[in-house]
Amino acid sequence: MNEISRGRAAVTMIFAVHGAALGAFATRIPWIRDQLELDPVALGAALVAPAISACFTMPMSGRVTRWLGSRRAITLMSVLLSLTLIPPVLATSLPLLWLALLAYGAATGIADVAMNAGGVDVERRHGRSIMSGLHGSWSVGGLFGSGLGALATWAGMDARLHLTLMAALLVAVSIASGRHLLDVRPPAREATATGGFVWPARAAMAIGLVGFCAQFAQGAAGNWSAIYLEDIAGASAGIAAASFTAFSCTMGIVRFCGDRLVGRWGTERVIRYSGAVSVAGGLLIVMGRDPAPAIAGFALLGIGIAVVVPLAFASAGHRGDDPNRSIAGVATVTYLSNLVAPAAVGAIAGATSLETAFLLVTLLLGCVVAGARAFRASASATHGEAHTTAERRSA
């Protein structure tokens with residue numbers, strides 16, 4: 001196996017670690033809610049904390065990578081992300097939960113941009129699209145983490161023990177994978193970059209907004225699917241935890257097919273079809289009053305939004321010579337939805353109903369269909385001449 005192949009395998013495992021961390025945490029949100037006796041509004045306010053800190057730390061990724069090199073930066077942040085799974089389940093009050101989730105989001109922000117920039121670098125060296133597949137590995141990790149979480153919940157395992165064991169496993173995988181990552185440093189001019197929010201260039205703003213809508217749906221499903229299954233569909237705790245598993249499973253399968261679909265149909269058409277499927281899933285969630293149709297709706301939602309964010313990051317990463325800075329711009333806009341989604345869903349659920357909140361999610365997914373045209377202009381830079389031809393066929 002040559003250096004590029006080893007680097008691809010290593011960054012694939014890092015994506016899986018990040019997905020597993022989120023999947024494991026998502027299955028324990030109902031446990032945290034019950035332990036702290038939080039209502040929907042309070043829970044939504046708590047779940048907005050990771051997005052706040054992530055949006056502020058994402059622009060720092062370039063500086064961390066320039067200082068440490070991408071190999072050590074990605075490895076270190078992956079380890080820290082894994083360890084921050086533990087404090088939220090140790091929190092004994094809402095303020096302490098907020099602090100724990102702020103730390104989780106801070107690690108996530110830097111780690112997410114760094115690993116996507118690493119993926120773009122491998123993609124450039126391969127000469128073909130691989131980002132959808134990398135995000136597919138993230139979804140497989142989410143399936144693994146949520147699957148173990150569902151089993152732990154069903155078995156009655158204490159969430160503190162479960163997430164401590166999970167963190168230890170993910171730390172070990174991060175360190176082992178980090179040894180084979182490609183080592184890249186951003187251009188020296190990154191040193192002059194300022195902190196705070198990083199907005200994408202005007203030409204990429206539409207791509208960022210499409211990513212915002214898809215990420216909003218992903219955040220809503222990740223944070224509220226288990227509660228939706230329990231409170232609206234009347235599912236048991238174990239079945240409710242399986243809703244995110246279904247969501248992660250379908251998302252992962254489609255992401256592994258995404259690079260091939262883009263090569264065949266072009267980015268614009270793939271985004272448009274994906275948006276339509278996600279809308280269908282959202283409608284099924286809203287209309288479902290039993291566990292089976294609700295889980296099926298979350299599964300369709302996973303299919304629909306699977307490739308949207310990976311293609312948004314890939315398009316951004318191929319603009320300019322600094323993937324960290326380009327991805328940070330689009331990621332900041334995209335992940336602002338994580339800042340809005342938990343609190344918005346919680347507030348709407350508290351004022352009206354959780355079904356109404358997911359109707360809002362469905363309406364936002366309609367914007368993915370409408371915004372698909374924004375990906376046409378970036379096809380050549382992102383996926384090469386073969387994909388540009390596919391784009392022309394989709395026009």
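Residues numbered from 1 in each chain as written. Predicted model: local features only at pLDDT ≥ 70, side-chain atom pairs only at ≥ 80, totals over all residues. Heavy atoms only, no water.

K.L.:
What is the right way to look at a nonpolar patch on the surface in this model?
P.N.:
On the surface, a cluster of nonpolar side chains totalling about 350 Å² of accessible area is made up of Phe144, Leu148, Leu151 and Leu169. Here Leu148 is to be found in helix 9 (residues 131–154). (Patch = residues over 30% accessible without salt bridge, like charges linked within 9 Å, V, L, I, M, F, W, Y side chains within 5 Å. Areas by Shrake-Rupley, 256 points an atom, 1.4 Å probe, with all protein chains shown as cover. Salt bridge = Lys/Arg side-chain N within 4 Å of Asp/Glu carboxyl O. Helix = DSSP H or I, 4+ residues; strand = E, 2+ residues; numbered from the N terminus.)

K.L.:
Where do I start with the packing of helix 13 (residues 267–287) against helix 17 (residues 354–370) in this structure?
P.N.:
Angle between the axes and distance between the axes are the two parameters that describe a pair of packed helices. One can describe the packing of helix 13 onto helix 17 by two numbers: an axis separation of 8 Å at closest approach and a directional angle of 170°. With respect to helix 17, the element helix 13 is oriented roughly antiparallel. Seen from above, helix 13 lies across helix 17 with left-handed handedness. Where helix 13 abuts helix 17, its residues Ile271, Arg272, Gly275, Ala276, Ser278, Val279, Gly282, Leu283, Ile285 and Val286 lie against Glu355, Phe358, Leu359, Thr362, Leu365, Gly366, Val368 and Val369. In the contact of helix 13 with helix 17, the residues fall into 11 nonpolar, five polar and two charged. (Axes fitted to C-alpha atoms, helices over the stretch in contact; angles between N-to-C directions. Parallel < 35°, antiparallel > 145°, perpendicular 65-115°, else oblique. Left-handed = near helix turned anticlockwise from the far one by under 90°. Contact = heavy atoms within 4.5 Å. Nonpolar A, V, L, I, M, F, W, Y, C, P; charged D, E, K, R; others polar.)

K.L.:
Explain the nonpolar core to me, please; I cannot follow it from the model alone.
P.N.:
As a rule of thumb, nonpolar side chains are buried together in soluble globular proteins. Ranked by internal contacts, the top residues of the largest apolar core, which has 114 residues, are Phe298, Leu354 and Phe358. Among the elements that take part in this core, helix 11 (residues 202–231) stands out by supplying 14 residues, more than any other. When near neighbours in sequence (up to four residues on either side) are disregarded, Phe358 contacts Ala220, Trp224, Tyr228, Ile285, Val286 and Phe298. (Core = buried A, V, L, I, M, F, W, Y, C linked by side-chain atoms within 4.5 Å. Buried < 20%, exposed > 50% of the residue type's maximum accessible area, 1.4 Å probe, protein only.)

K.L.:
I tried to follow helix 8 (residues 94–126) on my own but got confused; where do I start?
P.N.:
Since the α-helix turns once every 3.6 residues, residues separated by three or four places project in the same direction. Under the 1.5 Å per step criterion, the end-to-end length of helix 8 is 47 Å for 33 residues, consistent within 8% with the ideal 48 Å. Positive phi shows up at Gly127, right after helix 8, with a value of about 85°. (Expected span 1.5 Å × (residues − 1).)

K.L.:
Whenever I open this one, the side chain of Ser177 confuses me. Can you help?
P.N.:
Note that Ser177 resides in helix 10 (residues 159–178). Ser177 has contacts with Ala10, Met13 and Ile14, leaving out every residue within four places of it along the chain.

K.L.:
How should unusual backbone geometry be read in this particular structure?
P.N.:
Peptide bonds are mostly trans, and most non-glycine residues show a negative phi. Within the chain, Glu37 stands out as a residue other than glycine whose phi angle is a positive 55°. In this structure, Glu37 sits in the loop between helix 2 (29–36) and helix 3 (40–47). Exposure remark for Glu37: the relative accessible area of 71% places this residue in the exposed category.

K.L.:
Sorry if this is basic, but what is going on with the packing of aromatic side chains here?
P.N.:
Two numbers describe a pair of aromatic rings. These are the distance of the centres and the angle of the planes. Going through the model one piece at a time under the given rule, you end up with six aromatic pairs. Ring plane angle 80° and centroid distance 6.1 Å describe the contact between Tyr228 and Phe298, whose orientation is recorded as edge-to-face. In this pair, Tyr228 sits in helix 11 while Phe298 sits in helix 14 (residues 291–305), placing the two residues 70 residues apart along the sequence. With a relative accessible area of 0%, Tyr228 lands in the buried category. Overall, the relative accessible area of 0% leaves Phe298 in the buried class. (Phe/Tyr/Trp six-rings, centres within 6.5 Å; stacked < 30°, edge-to-face > 60°.)

K.L.:
How should the packing of helix 3 against helix 8 be read in this particular structure?
P.N.:
Viewed as axis vectors pointing N to C, helix 3 and helix 8 meet at an angle of 30°, and their least axial separation amounts to 9 Å. Judged by the inter-axis angle, helix 3 sits roughly parallel to helix 8. Seen from helix 3, the contacting residues are Ala42, Ala45, Ala46 and Leu47; seen from helix 8, they are Leu94, Leu97, Trp98 and Leu101. A breakdown of the residues in the contact of helix 3 with helix 8 according to their chemical character gives eight nonpolar, no polar and no charged.

K.L.:
Is there a simple way to think about the confidence of the model for the protein chain in this case?
P.N.:
Close inspection of predicted coordinates is inappropriate in any region flagged by low pLDDT. Residues at a pLDDT of 70 or more form 87% of the protein chain, whose mean pLDDT is 83. Model confidence for the protein chain, summarised as mean pLDDT per element, is weakest for helix 18 (residues 379–394) at 43 and strongest for helix 10 at 96. Note that residues 190–196 has pLDDT below 50 and, in this model, 13 contacts with residues that lie over four places away or in other chains. Here residues 379–395 is modelled with pLDDT under 50, and outside its nearest four sequence neighbours on either side it reaches 34 contacts, counting other chains as well. (pLDDT = per-residue confidence, 0-100.)

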